[in-house]
Amino acid sequence: MDRLAYYLLWLYVFTIPWENIITIPGLGTLSRLVGIAAVGVGVLHVLLSGRLQLHRVHVPAILFVLFSLASLIWTISAEDTQERNFQYILLLLFVLLMFNVVETPGQLRGILVAYVLGCLVGVGDTFRNFVSGSEAAYERYAADGFDPNDLSFVLALGIPLAWYLALTKERSRLVWVYRLYPVFALMVIFLAAARAGLLGAAVGLVFVFVTLPRASTRLKVMATVLSLVALWLIPVLVPPENFSRLGTIVEELSSGTLNDRTNIWQAGFQTFNDHLLLGTGSGAFGTSMEDQQMFREWMAPHNLFVSLSTELGLIGVGLFVLLLLGVLWTVFQLQDLERLLWLTVFIILMLVFNSQNWEWRKQTWLMLGLILTHWKILQTPLEELWKPSRALSS
């Protein structure tokens, strides 16, 4: 049962980066179906083993989901809140099960490999759309079903993971996949012309350059050659309009509206002031915007903190911030390379949170869960873990 639970977890992580490419009418994405199966088998595995491990940082995550469930009492959109609560429950169980199912460094690396390989599916589908001329927006390309900005961040998160694998598994059969991945991801991000995503990729590349002295001579040479190839190939393939759009990053940050995002945030904070403590209900941001004079249709918040403040008030956003602070504290308990890896991932997530509302996205909970799981595998001080074995076996 433990092996089946791990393999299903691996498969779930593999489908997360390309979850929108395959959807089943009436059921949702393939990733969701695999996730439900993985959670179901994982719960059964925990029950049969009679052993449950919890990190203290899981507590604010559990409280956050419970508060989201409670918001069904006062929500302004029961349907949206029910859907969001279903997502949160699955994501919380996913994080808890990963903490209990992944037990060894090899299994942890396997999960990282699953994410990187899944990202390559998104890379391949984007290249296919580029070759066929199928645009996600004007001169912007992405995998089927993906917003270019979302896809760029999904791929940016894979850059430090792939390079970590390249550093620690240089004799792996997939080592060339890890070495080439940053170049492929960067090419797709340029094709997507995602400004915030490019910043995320830049953070991932900083991890590559900072850790380059740790690499073997062969890997250093390969990295240099691949960098030169990327510098030559990207300007050749990427449409000039994409470079023009990416060149407006400084202008948008200093004086623009970030594609109307600042106006959305202003409206969100106005709603937050009207529902200060409890919010309008989990998942109800779009519905709340319909009451604003400047918006007469559903709007995405494009900011995790604006979204949570509006939907769950001070209590909800406070619990999520407490979760983030706990995970960041855990990152600094790690040593050397792992600390740098997960700090890089955490910084990329913070960039995501300030441009996308990823509080309900699988990538967010996966990365936060991986940090806690990696910590457990590397050190596991007993006082940090709770193992209520008797409660489960009684």
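Residues numbered from 1 in each chain as written. Predicted model: local features only at pLDDT ≥ 70, side-chain atom pairs only at ≥ 80, totals over all residues. Heavy atoms only, no water.

Caption draft 1: Looking closely at the overall build of the chain. Each helix and strand counted, the chain has 17 helices and 4 strands in total. When the 394 residues of the chain are sorted by exposure, 55% land in the buried category. A fraction of 78% describes how many contacts in the chain between residues 6 or more apart in sequence connect residues 24 or more apart. (Helix = DSSP H or I, 4+ residues; strand = E, 2+ residues; numbered from the N terminus. Buried < 20%, exposed > 50% of the residue type's maximum accessible area, 1.4 Å probe, protein only. Contact = heavy atoms within 4.5 Å.)

Caption draft 2: Here's a closer look at the packing of helix α6 (residues 148-168) against helix α7 (residues 175-192). Between α6 and α7, the shortest axis-to-axis distance is 8 Å and the interhelical angle comes to 165°. Considering the angle they form, α6 stands roughly antiparallel to α7. With respect to the hand of their crossing, α6 and α7 are arranged in left-handed fashion. Here Pro148, Leu151, Ser152, Leu155, Ala156, Gly158, Ile159, Ala162, Leu165 and Ala166 of α6 lie close against α7, whose contacting residues are Tyr178, Arg179, Tyr181, Pro182, Ala185, Val188, Ile189 and Ala192. Among the residues making up the contact of α6 with α7, the classes are represented as 15 nonpolar, 2 polar and 1 charged. (Axes fitted to C-alpha atoms, helices over the stretch in contact; angles between N-to-C directions. Parallel < 35°, antiparallel > 145°, perpendicular 65-115°, else oblique. Left-handed = near helix turned anticlockwise from the far one by under 90°. Nonpolar A, V, L, I, M, F, W, Y, C, P; charged D, E, K, R; others polar.)

Caption draft 3: Region of the structure containing the pattern of salt bridges. Evaluation of the coordinates by the stated rule reveals 11 salt bridges. In this structure, Arg128 and Asp125 form a salt bridge, with 2.9 Å as the shortest nitrogen-oxygen distance. One end of the pair is Arg128 and the other is Asp125, both in helix α5 (residues 105-132) and 3 residues apart, which spans about a single turn. Take Arg128: its relative accessible area is 42%, and that puts it in the partly exposed class. Ionic contacts of the salt-bridge type, sharing partners, join the residues Glu19, Asp150, Arg361 and Lys362 into one network. (Salt bridge = Lys/Arg side-chain N within 4 Å of Asp/Glu carboxyl O.)

Caption draft 4: Focus on the packing of aromatic side chains. Summed over the entire model, instances satisfying the criterion amount to 15 aromatic pairs. A network of ring pairs unites the aromatic residues Phe64, Tyr88, Phe305, Phe320, Phe353 and Trp365 as a single cluster. For Arg361, the ring lying beneath its charged end belongs to Trp360, and the centroid distance is 5.8 Å. Here Lys376 stacks its cationic end above the ring of Phe99, 5.2 Å away from the centre of that ring. (Phe/Tyr/Trp six-rings, centres within 6.5 Å; stacked < 30°, edge-to-face > 60°. Lys NZ or Arg CZ within 6 Å of the ring centre and 35° of its normal.)

Caption draft 5: Quick peek at the nonpolar core. Counting residues in hydrophobic clusters, the biggest one holds 100 residues, and the most contacted among them are Tyr115, Trp342, Trp365 and Met367. In terms of residue count, the dominant contributor to this core is α6 (14 residues). In terms of nonpolar packing, the next biggest core, distinct from the first, is built from 6 residues, Ile264, Ala267, Met289 and Val306 among them. (Core = buried A, V, L, I, M, F, W, Y, C linked by side-chain atoms within 4.5 Å.)

Caption draft 6: Just a nonpolar patch on the surface, in detail. Among the surface-exposed residues, Val59, Leu63, Leu66, Leu69 and Ile89 lie close enough to one another that they form a single nonpolar patch of about 390 Å² accessible area. The element that contributes the greatest number of residues to the nonpolar patch is helix α3 (residues 58-70), accounting for 4 residues. With respect to the helices and strands, the residue Ile89 is situated in helix α4 (residues 78-101). (Patch = residues over 30% accessible without salt bridge, like charges linked within 9 Å, V, L, I, M, F, W, Y side chains within 5 Å. Areas by Shrake-Rupley, 256 points an atom, 1.4 Å probe, with all protein chains shown as cover.)

Caption draft 7: Main features of the confidence of the model for the chain. Considering every residue of the chain, the mean pLDDT works out to 85; 86% of them sit at 70 or more. Within the chain, α3 carries the highest mean pLDDT (97), whereas helix α17 (residues 389-393) carries the lowest (37). Residue range residues 252-257 is modelled with pLDDT below 50. Its contacts to residues more than four positions away, or to other chains, number 9 contacts. (pLDDT = per-residue confidence, 0-100.)

Caption draft 8: Examining the packing of α6 against helix α15 (residues 336-353) more closely. The contact between α6 and α15 brings their axes to 9 Å, and the two run at 175°. With respect to each other, α6 and α15 are oriented roughly antiparallel. Facing α6, whose interface residues are Phe153, Ala156, Leu157, Pro160, Leu161, Tyr164, Leu167 and Thr168, α15 presents Leu337, Glu338, Leu341, Trp342, Thr344, Val345, Ile348, Leu349, Leu351 and Val352. Here the contact of α6 with α15 is built from residues that sort into 15 nonpolar, 2 polar and 1 charged.

Caption draft 9: Up close: the side chain of Gln87. Relative to the helices and strands, Gln87 is located in helix α4. Among all residues touching Gln87, those that are not within four sequence positions of it are Arg32 and Trp360.

Caption draft 10: The arrangement of unusual backbone geometry in detail. In this model, His302 sits at a positive phi of 55°, which is unusual for a non-glycine residue. Its identity is not glycine, yet Asp336 carries a phi of approximately 50°, on the positive side.

Caption draft 11: A look at the environment of Gly281. Along the chain, Gly281 turns up in the loop between α12 (261-274) and α13 (285-289). You can call Gly281 buried: its relative accessible area is 0%. Along the chain, Gly281 and Glu311 lie 30 residues apart, while their C-alpha atoms are 4.8 Å from each other. In this structure Gly281 touches Ser71, Trp74, Thr75, Thr81 and Glu311, once residues within four positions along its chain are discounted.

Caption draft 12: Quick look at the side chain of Glu359. Structurally, Glu359 is set in the loop between α15 and α16 (362-378). You can call Glu359 buried: its relative accessible area is 0%. A polar contact of 2.7 Å, which involves the side chain of Glu359, links it to the side chain of Ser307. Among all residues touching Glu359, those that are not within four sequence positions of it are Arg84, Tyr88, Leu304, Ser307, Leu308, Glu311, Phe320 and Trp365. (Polar contact = N/O pair within 3.5 Å; in protein donor to acceptor, adjacent residues only side chain to side chain.)

Caption draft 13: Quick look at α7. For α7, spanning 18 residues, the distance from its first C-alpha to its last is 26 Å, which sits close to the expected 26 Å at 1.5 Å a residue. When the local axis directions of α7 are compared, the greatest deviation, roughly 40°, occurs at Tyr181, which is followed within four positions by the proline Pro182. Looking one or two places after α7, you find Ala193, whose phi comes out positive at around 55°. (Expected span 1.5 Å × (residues − 1). Bend = angle between axes of the 7 residues up to and from the residue.)

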